[in-house]
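Residue-level listing of the chains:
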Amino acid sequence: MADLRNNFVGIKSPNPFWLASAPPTDKAYNVERAFKAGWGGVVWKTLGEEGPPVVNVNGPRYGAIWGADRRLLGLNNIELITDRDLYTNLREMKQVKMNWPDRALIASIMVPCEEEAWKAILPLVEETGADGIELNFGCPHGMSERGMGSAVGQVPEYIEMVVRWCKQYTRMPVITKLTPNITDVRRPARAAKAGGTDAVSLINTINSIVSVDLDNFAPNPTVGGKGSHGGYCGPAVKPIALNMVAEIARDPETYGLPISGIGGITTWRDAAEFLVLGAGNVQVCTAAMTYGFKIVQEMITGLSDWMDEKGHRNLDDITGRAVPNVTDWQYLNLNYIAKAKIDQDACIKCGRCYIACEDTSHQAITNFVDGARHFEVMDEECVGCNLCVSVCPVENCITMEQLPAGTLDKRTGRVVDPNYANWTTHPNNPMARQAAE
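Quick summary incoming for the structure in this document. Position labels on residues start from 1 in each chain and follow its written sequence. With the structure being a predicted model, the display of local features is reserved for residues of pLDDT at least 70 and the display and counting of side-chain atom pairs for 80 or more, all residues being used for whole-chain, interface and lining totals. Water and hydrogen atoms were dropped before computing side-chain values, which therefore reflect all heavy atoms in the structure.

**Remarks on helix α10 (residues 295-310)**
To qualify as a helix, a DSSP run of H or I must reach at least 4 residues; to qualify as a strand, a run of E must reach at least 2; elements of each kind are numbered from the N terminus. One less than the residue count of a helix, multiplied by 1.5 Å, gives the span that helix is expected to have. With 16 residues, α10 should cover 22 Å at 1.5 Å per step; its first-to-last C-alpha distance of 23 Å lies within 8% of that length. Relative accessibility decides the category of a residue: with a 1.4 Å probe and only protein chains considered, values under 20% of the type maximum give buried, values over 50% give exposed, and everything between is partly exposed. Within α10, burial applies to Ile 295, Val 296, Met 299, Gly 302, Leu 303, Ser 304, Trp 306 and Met 307. Contacts are residue-level and defined by heavy atoms, with any inter-residue pair within 4.5 Å sufficient. Of the surrounding elements, those touching the buried residues of α10 are β3 (17-19), α1 (28-37), α8 (268-276), β16 (281-284) and α9 (286-291). Phi for Gly 311, located one or two positions after α10, is positive at around 80°.

Here it is, written out as C-alpha cells:
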C-alpha cells in the first residue's frame, strides 16, 4: 500500500489532506470531528489580534453557482475571520493539539501590518503547541478594506516585510498564503521567499459577485437589500489555482519553494493534480462544507489506490512530476499533428459535435452521408482543436489521434515532419526573422 505520510516543511501528518482555514476549522468541536474522520491536519480559522473580535453579518453569508444538476460548482462568501475571542481559540487549539499530537495544526493569523501587532500575537500562538503559522494575505473582502488580507498580499514589499517579522519572532514554520487577486502570482511568491518564508499556500478566494437578485437589484448574498463582493471558491476555481501553483513551481526564482495547494479540491484526482504540479500537500474547504468531513476517506482511498496501481511508493514519487512538462506556448511543438476520430459504435448521433464545429470552429464534421444522419470527421478540414471532444456527452466517443511522422496531413497537403519545431524559430515569427537578419 502506498505510503501517504506527509512531511511538509517539517510538519508531519498521516496524510497530505488538510482542512483550509475557514468555518470548518473555527472551533475545537469541528476540528476534533475532522480528525476523527481522518483529516491529516487543519489550518485553524484565521485569528485576529487581542481585543474585541471582528463582527460578522448575521444574515446570508454565501452565494452559489450550480450546475444543471444542482451540483455546487462555486461558492462565494462574505464571512470574515473568526468572530470568537482570541483566547478562547488559543485554549481550544492547545487542547486539540494535546489530544491529537500526530495531526498537523496550523494557526492562520491576520493582524494589522504593524511589527508590534505581529510580535504580540506570535508568542501566544506558539504557546499552544501549534505546528506552524499561516499568514493570511489572501482574504479579498472585509478585512482588506482595513489594510489586511489581500491588501497586504497585493504588495510584494509588504509581504516580504511581514514574513521577516514573523521569522524573527517565532520558531514555528511560516507558511505565506497568497492572494489570486493579482496579475502575476510569482511576484508575491518571490517576495515571501526573500523574506524567509518556509512555504507558500495558494490560492485564497477570488474577488467576485456570483449573481444579482433581479427582484431586489442587489448582489447575492443580499443582506438587508444590499450586497458586497466576496471570496469565490469551489470546483470552479481549480483551473486558476492549478495554473498559479505551476507558475510558482517552475519559476527559477521560486523553484523548490514548498507549496500547499488550495482551490477546488473535491476528489483524490484533484489532489493528485496539485501534487504532481508541485504542491507538497493540499488544503480543502468547499468540498467539506458541501459533503461533510468524511469525504476525506474517499480522497485517501482514491489517492492510495491510484498510487498502488501506478507503482508510486510514496508522495515523493509524484510530487512535482508534471512540472517539467509545463511550458510556455512558444515552445510547443508545431510539428505535432492530431485529428479527431469518432467511434461510430459509441456515437449516439446527438449532433453536438457537428453543431459546435460547424457554427464555431472549422466545419470539419459531416451531419449527413448518403442521405442518412452520420457524423464523421473530415481530415482535410480538421485542425485538431478537440472542441468536439469537449462538447461530446459520451466519454471516449471522440478521441484525438496523432498523425505519425511521414504521413500526409490532408489539410495542409504536407508530410508530417518528425523534427521538433516551435514558434521561436518559425518563419512567420517577426522576432525570429530579426534574429536571422
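**Digging into the environment of Pro 393**
Secondary-structure assignment places Pro 393 in the loop between α12 (387-391) and β20 (398-402). Owing to a relative accessible area of 45%, Pro 393 belongs among the partly exposed residues under this scheme. For Pro 393 and Glu 32, which are 361 residues apart along the polypeptide, the C-alpha to C-alpha distance reads 42 Å.

**Examining the packing of aromatic side chains**
We call Phe, Tyr and Trp rings a pair once their centres come within 6.5 Å, taking the six-membered ring for Trp, and we label the pair stacked below 30 degrees between planes, edge-to-face above 60, and tilted otherwise. Tallying each qualifying case throughout the model produces five aromatic pairs. Ring geometry for Phe 8 versus Trp 18: centroids 5.9 Å apart, planes at 85°, classification edge-to-face. With Phe 8 in strand β1 (residues 6-8) and Trp 18 in strand β3, this residue pair connects regions lying 10 residues apart in the sequence. Here Phe 8 matches Trp 18 in class, with each residue buried.

**Details of a negative patch on the surface**
Together, Glu 49, Glu 50, Asp 85 and Glu 114 make up a region of like negative charge exposed at the surface. Summarising the element assignment, Asp 85 is placed in the loop between β6 (72-77) and α2 (86-99). Residue Asp 85 is classed as partly exposed on the basis of its relative accessible area, which comes to 33%. Two joining distances apply to patches: 9 Å for like charges and 5 Å for nonpolar side chains (Val, Leu, Ile, Met, Phe, Trp, Tyr), and every residue must have over 30% relative accessible area and no salt bridge. Throughout, the Shrake-Rupley method with a 1.4 Å probe supplies accessible areas, and for residues the shown protein chains are the sole cover considered. Salt bridge, as used here, is a side-chain nitrogen of Lys or Arg placed within 4 Å of a carboxyl oxygen of Asp or Glu. As used throughout, the charge tally considers Lys and Arg to be positive and Asp and Glu to be negative, leaving His and the chain termini uncounted. Where a charge lies is defined by one atom per residue type: Lys uses NZ, Arg uses CZ, Asp uses CG and Glu uses CD.

**Structural notes on the pattern of salt bridges**
A side chain of one charge can pair with a side chain of the opposite charge when the charged atoms of the two come close. Going through the model one piece at a time under the given rule, you end up with 21 salt bridges. Where Glu 127 meets Lys 94, a salt bridge forms, and the shortest distance between an N and an O atom there is 2.7 Å. Taken as a pair, Glu 127 in the loop between α3 (115-126) and β8 (132-136) and Lys 94 in helix α2 lie far apart in primary sequence, 33 residues in all. The class for Lys 94 is partly exposed, based on a relative accessible area of 32%. A cluster of three or more residues bridged by salt bridges with shared partners is formed by Lys 45, Arg 61 and Glu 79.

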